[in-house]
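This is what each chain is made of:
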Amino acid sequence: MEARASRPPSFSVSVGGGGGFGGARGDDSAFSFLSKGWREVRDSATADLRLMRARADSLRTLADRELEHLLASASASAPPPPQPLAAGAPIAELEFVRTRIQPKISELRRRYASQERELGRRVLEGWAPRGAGGPARARVDLSGITAIRNAIVSEAGVGERWRRAAWSGEAEADEGKEWEVVRMIRDGIKEFERRSQTSEIFEGLRSTGEFVEKFKSSLEVPPLDVTEILANLVRQSEPFLDQLGIRKDQCDRLVEALYRKQNHSLSEDTSLLENANSSDELDLRIASVLQSTGYRADDGFWSEPAKYEVSDNKRHVAIVTTASLPWMTGTAVNPLFRAAYLAKGTKQDVTLVVPWLCKSDQELVYPNSMTFSSPEEQETYIRNWLEERLGFESNFKISFYPGKFSKERRSIIPAGDTSQFIPSREADIAILEEPEHLNWYHHGKRWTDKFNHVVGVVHTNYLEYIKREKNGAFQAFLVKHINNWVTRAYCDKVLRLSAATQDLPKSIVCNVHGVNPKFLKIGEKITADRESGEPSFSKGAYFLGKMVWAKGYRELIDLMAKHKSDLEGFKLDVYGSGEDSQEVQSTARKLDLSLNFFKGRDHADNSLHGYKVFINPSISDVLCTATAEALAMGKFVICAEHPSNEFFMSFPNCLTYKTSEEFVVRVKEAMDREPQPLTPEQRYNLSWEAATERFMEYSDLDKVLNNEVVQSGQAGTRNKMRRTSQPNLSDIMDGGLALAHRCLTGSEVLRLATGAIPGTRDYDKQHCVDMGLLPPQVQQPVYGW
């Protein structure tokens, strides 16, 4: 078999007459010989052909069996589901064999069977004799057998030829004679090589992806995932989805389902809400990511952001103060009345913004251990107190900002950015009661950037208080310059209640405080009783004020001790409560002074109506509210000749003194005669109606409300012109001061070094619980510059 298979591709036998043999018999014998030889050759060729066919069938069956076994092994070993290129090269090769090789072999098998039948037919036709009348030359073409042999040889040595064709890249010289399976396999191997290179590329990309994932995991705050972005998108689309019939609770469940797929651990600051839902946690995630990237929500100091624009003829006034009832202090009472009387105007809406203290601080500040569990409860108390004293219904809003009480300073310090608790849609006009106090540690938006007009009202002579402390002179020097700094940076206009205060930039002296209408009614009643012949006053002298040394108690004890013999038989009742109560009372007892101490009470209390003389020796006050109230009730007032009392000196019942000897003279004079009744003009000058008129005039608020009230669309043009106009040197300096102040107050170390309460840069967890606030990361994503 092997010898036959190695025969040349073709051979021929020539048959002709004339030569070698002669006669008819010789022809017959020759023909018989040829016929016999032809039959033997044909039988031999037929037998060889059958043998080759059987061998080819055997090889084909063996190849089919091995291929099926290979595919079965690939299916069993491949992990479900298949991962192309990512699962490794062996699985990729098996997948290639199954998807590319098997269909080709099936097609080749079909074509091979048809070619085999055609080849057998052509071979048999080639062996058939031409007959007697045939041509003298018969030619047998065995090229088909050669082709079959080559096919079998190719199939037997296909592995070696595949390797040679694939790795050497050599093509057959005769492309037309190349068997289809060889080209297919070679092309497949080239494709496999290409995919192997691509797999290496993807392997590199996968390594790069692993590096990126490791980098992401090394970040303090992981970036937002796709599901978190989708959750935020769904939440922001709730109004639109509601129009499509998708309820809010369904959107909330979808947001929770999307967000809960992530397992990011938030920072410690974001745990401020104990019972935060998914929406709140998502807010925290977004805020933390924004903060970690340095995103800035505001435009900054050098490009003024868009301000409130007047869309109608209604303006918005926000009155921000540093204290609130029931703390009976001037910065709690006077801004409350200012809000009530400003709200009577038809050109503006008014919001009073007061501090909210947690219960631990309320117990230290509010009298009689009074506390509130919620801002709403305290607001109800404030409104009830005010309605008892007003002759009309107040129409203004009350809002709260977080605050903390400082025992050392005996005052409330804002916690966080106070300006953020005034919505941008209402940020038109701001009245800052005690602007220096509000802005000592202010770390937030610049007031003059957020508001169109900012007015500061100075209530307190802080320099006088600080000078009484240890190293007071040096501290007063620093505070003086800080007050100049913050009021210039954050105010357009500053009103000082009296000349006793520090001379500040952009300031003017004017008393813009009035008297509670209830005191004026008490004075009118006393005048009516006197005219009817009834006794007006049944008691002597008294003093009322918060019991701290700086509120005049030091001066009072010194005067009473120095002239104890001159004032023999004179007794003074003192009403007050405060941090220095025990020390003040013990000092008075040691000096054996004729002072009777009582707990603090409202100045309008019935028990105080019968006193004829109010004594107030304080020189630390700016404009003592109690002094104005005593004058309104028709009493004598004895006070020092001091800038803080300049407004009261025009009233005939105000008796002033310069020396301690004059103090004794004034006391005896007041005790010996009756006060004069107030004239209608004097009563009006003490009223809040007159104080509001003075405030509107000296703060330029009347000009802002009247001359700058514009129609819709014009305000935007005005603000645009203001923003694009060339700033003057003063504006540049003010902006630089504000920027420097914000940089300094952003450092906790510097804040603590200058006396700030720890943790007051932002409000704390208890404020979030009491006021229903989100953590400061959400309210203010970034404190960036």
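Anything mentioned here points back to the structure above.
What this report covers is the structure whose coordinates are included nearby.

Cut-off values and rules
Residues numbered from 1 in each chain as written. Predicted model: local features only at pLDDT ≥ 70, side-chain atom pairs only at ≥ 80, totals over all residues. Heavy atoms only, no water. Helix = DSSP H or I, 4+ residues; strand = E, 2+ residues; numbered from the N terminus. Contact = heavy atoms within 4.5 Å. Pairing = 2+ DSSP bridges. Axes fitted to C-alpha atoms, helices over the stretch in contact; angles between N-to-C directions. Patch = residues over 30% accessible without salt bridge, like charges linked within 9 Å, V, L, I, M, F, W, Y side chains within 5 Å. Areas by Shrake-Rupley, 256 points an atom, 1.4 Å probe, with all protein chains shown as cover. Salt bridge = Lys/Arg side-chain N within 4 Å of Asp/Glu carboxyl O. Buried < 20%, exposed > 50% of the residue type's maximum accessible area, 1.4 Å probe, protein only. Parallel < 35°, antiparallel > 145°, perpendicular 65-115°, else oblique. Phe/Tyr/Trp six-rings, centres within 6.5 Å; stacked < 30°, edge-to-face > 60°. Core = buried A, V, L, I, M, F, W, Y, C linked by side-chain atoms within 4.5 Å. Expected span 1.5 Å × (residues − 1). Nonpolar A, V, L, I, M, F, W, Y, C, P; charged D, E, K, R; others polar. Lys, Arg positive; Asp, Glu negative; His and termini not counted. Polar contact = N/O pair within 3.5 Å; in protein donor to acceptor, adjacent residues only side chain to side chain.

1. Regarding the overall build of the protein
Tallying secondary structure elements over the protein gives 30 helices and 14 strands in all. Long-range contacts, defined here as pairs at least 24 residues apart, represent 72% of the contacts in the protein between residues at least 6 apart.

2. Examining the sheet that holds strand β9 (residues 539–544)
The six strands are arranged β11-β10-β9-β12-β13-β14 in an open sheet whose pairing can be described as parallel. Looking at the sheet topology across the chains shown, the edges are occupied by β11 (595–598) and β14 (654–657). In this sheet, neighbouring strand axes are inclined to one another by 25° on average, regardless of whether the strands run parallel or antiparallel. As defined by bridge partners, β9 adjoins strand β12 (residues 611–616) across three bridges and the pair is classed as parallel. Across the sheet, residue tyrosine 542 finds its bridge partner in β12, namely phenylalanine 614. The strands touched by helix α21 (residues 625–632) within the sheet are β9, β12, β13 (636–640) and β14, with β12 carrying the most contacts at an inclination of about 160°.

3. What to know about the environment of isoleucine 246
Along the chain, isoleucine 246 falls in the loop between α8 (238–243) and α9 (248–259). When sequence neighbours within four positions are dropped, the list of residues in contact with isoleucine 246 reads Leu241 and Cys251.

4. Things to note about a nonpolar patch on the surface
On the surface, Phe474, Phe477, Leu478 and Ile482 cluster together into a nonpolar patch covering about 390 Å² of accessible area. Take isoleucine 482: it is sitting in helix α17 (residues 472–490). For isoleucine 482, a relative accessible area of 32% corresponds to the partly exposed category.

5. Comments concerning the packing of helix α11 (residues 330–342) against helix α13 (residues 375–387)
Put simply, α11 and α13 touch, their axes get as near as 12 Å, and they point 75° apart. Classified by the angle between their axes, α11 and α13 sit roughly perpendicular to one another. Across the interface between the two elements, Val333, Leu336, Phe337 and Ala340 from α11 touch Ile382, Trp385 and Leu386 from α13.

6. Details of the packing of aromatic side chains
Considering all chains together, one arrives at 20 aromatic pairs under this definition. Taking the centre distance of 6.2 Å and the plane angle of 20° together, the rings of tyrosine 341 and tryptophan 688 count as stacked. Pair noted here: tyrosine 341 is in helix α11 and tryptophan 688 is in helix α24 (residues 688–698), with a separation of 347 residues, a long-range link. Tryptophan 688 gets classed as buried once you look at its relative accessible area, which sits at 1%. The interplanar angle of 35° and the centroid separation of 6.2 Å between the aromatic rings of phenylalanine 543 and phenylalanine 614 together place this pair among those described as tilted. Here the residue phenylalanine 543 occupies a position in strand β9, and phenylalanine 614 occupies one in strand β12, the gap between them amounting to 71 residues. Across the pair, phenylalanine 614 and phenylalanine 543 agree in class, each one buried. Three or more aromatic residues joined by ring pairs form one cluster here, namely Tyr542, Phe543, Tyr553, Tyr575, Phe598, Tyr611 and Phe614.

7. Digging into the sheet that holds strand β7 (residues 493–496)
On the basis of which strands lie adjacent, the open sheet formed by eight strands has the order β4-β3-β2-β1-β5-β6-β7-β8 and mixed pairing. Edge positions in the open sheet fall to β4 (411–414) and β8 (507–509), since each of these has one partner strand only. Shown here is a sheet whose adjacent strand axes are inclined to one another by a mean of 30°, direction ignored. As defined by bridge partners, β7 adjoins β8 across three bridges and the pair is classed as parallel. If you follow arginine 496 over to β8, its bridge partner there is valine 509.

8. Quick look at the pattern of salt bridges
Under the criterion given, the structure shown has 20 salt bridges. Glutamate 524 is the partner of arginine 683 in a salt bridge, and the nearest nitrogen-oxygen pair spans 3.9 Å. Here the residue arginine 683 occupies a position in helix α23 (residues 680–686), and glutamate 524 occupies one in helix α18 (residues 517–531), the gap between them amounting to 159 residues. The exposure class assigned to arginine 683 is partly exposed, which follows from its relative accessible area of 22%. With a closest N to O distance of 3.0 Å, glutamate 669 and arginine 666 form a salt bridge. Residue glutamate 669 and its partner arginine 666 are both found in helix α22 (residues 660–672); the two are separated by three residues, about one turn of the helix. The class of arginine 666 is partly exposed, set by a relative accessible area of 27%. Within this structure, Arg410, Lys546, Glu579 and Asp580 form a network of salt bridges that share partners.

9. Here's the deal with the nonpolar core
Of all hydrophobic cores here, the largest spans 129 residues; its most connected members are Leu342, Phe396, Trp447, Ile615, Ile638 and Phe695. With eight residues, α11 is the largest single contributor of residues to this core. In this structure isoleucine 638 touches Val613, Phe614, Ile615, Asn616, Leu655, Tyr657, Phe663, Arg666, Val667 and Ala670, once residues within four positions along its chain are discounted. Val234, Leu241, Val255 and Leu282 belong to the second largest nonpolar core, which has eight residues in total.

10. Some remarks on the environment of aspartate 592
Tracing the sequence through the fold places aspartate 592 in the loop between α20 (581–590) and β11. Counting along the chain gives 32 residues from aspartate 592 to methionine 560, while the straight-line C-alpha distance between them is 9.9 Å.

11. Some points on the pairing of strand β2 (residues 348–356)
Judged by how many residues are buried, β2 sits mostly within the fold: eight of nine residues are covered. As judged from the six bridges shared by strand β1 (residues 315–320) and β2, these two strands associate in the parallel manner. Bridging from a neighbouring strand, arginine 315 pairs with glutamine 348 of β2. Bridge analysis of β2 against strand β3 (residues 397–406) gives six bridges, and the strand direction is parallel. Within β3, the residue paired with valine 354 across the bridge is phenylalanine 400.

12. Digging into unusual backbone geometry
A negative phi angle is the norm for most residues apart from glycine, just as the trans form is the norm for most peptide bonds. Following leucine 325, the chain continues to proline 326 via a peptide bond in cis, the omega torsion being 10°. Mapped onto the fold, proline 326 is located in the loop between β1 and α11. Even without being a glycine, asparagine 368 presents a positive backbone phi close to 55°. Along the chain, asparagine 368 falls in the loop between α12 (359–365) and α13. For asparagine 368, a relative accessible area of 68% corresponds to the exposed category.

13. Here's the deal with α11
Between its first and last C-alpha, α11 extends 18 Å over 13 residues, near the 18 Å set by a 1.5 Å rise per residue. Taken across its 13 residues, α11 has 12 buried, putting it largely inside the fold. Of the residues making up α11, those classed as buried are Thr331, Ala332, Val333, Asn334, Pro335, Leu336, Phe337, Arg338, Ala339, Ala340, Tyr341 and Leu342.

14. Focus: the packing of α11 against α24
Taken N-terminus to C-terminus, the directions of α11 and α24 make an angle of 80°; their axes are 10 Å apart at the nearest point. Judged by the angle between their axes, α11 and α24 are roughly perpendicular. Across the interface between the two elements, Asn334, Phe337, Arg338, Tyr341 and Leu342 from α11 touch Trp688, Glu689, Thr692, Phe695 and Met696 from α24. Class assignment for the residues of the contact of α11 with α24 results in six nonpolar, two polar and two charged.

15. Points about the side chain of arginine 446
Note on placement: arginine 446 falls in the loop between α14 (435–439) and α15 (447–450). Buried arginine 446, no salt bridge; nearest opposite-charge side chain is aspartate 449, N-O distance 4.0 Å. Looking at arginine 446, its side chain comes within polar contact range of the main-chain oxygen of alanine 489, at 2.9 Å.

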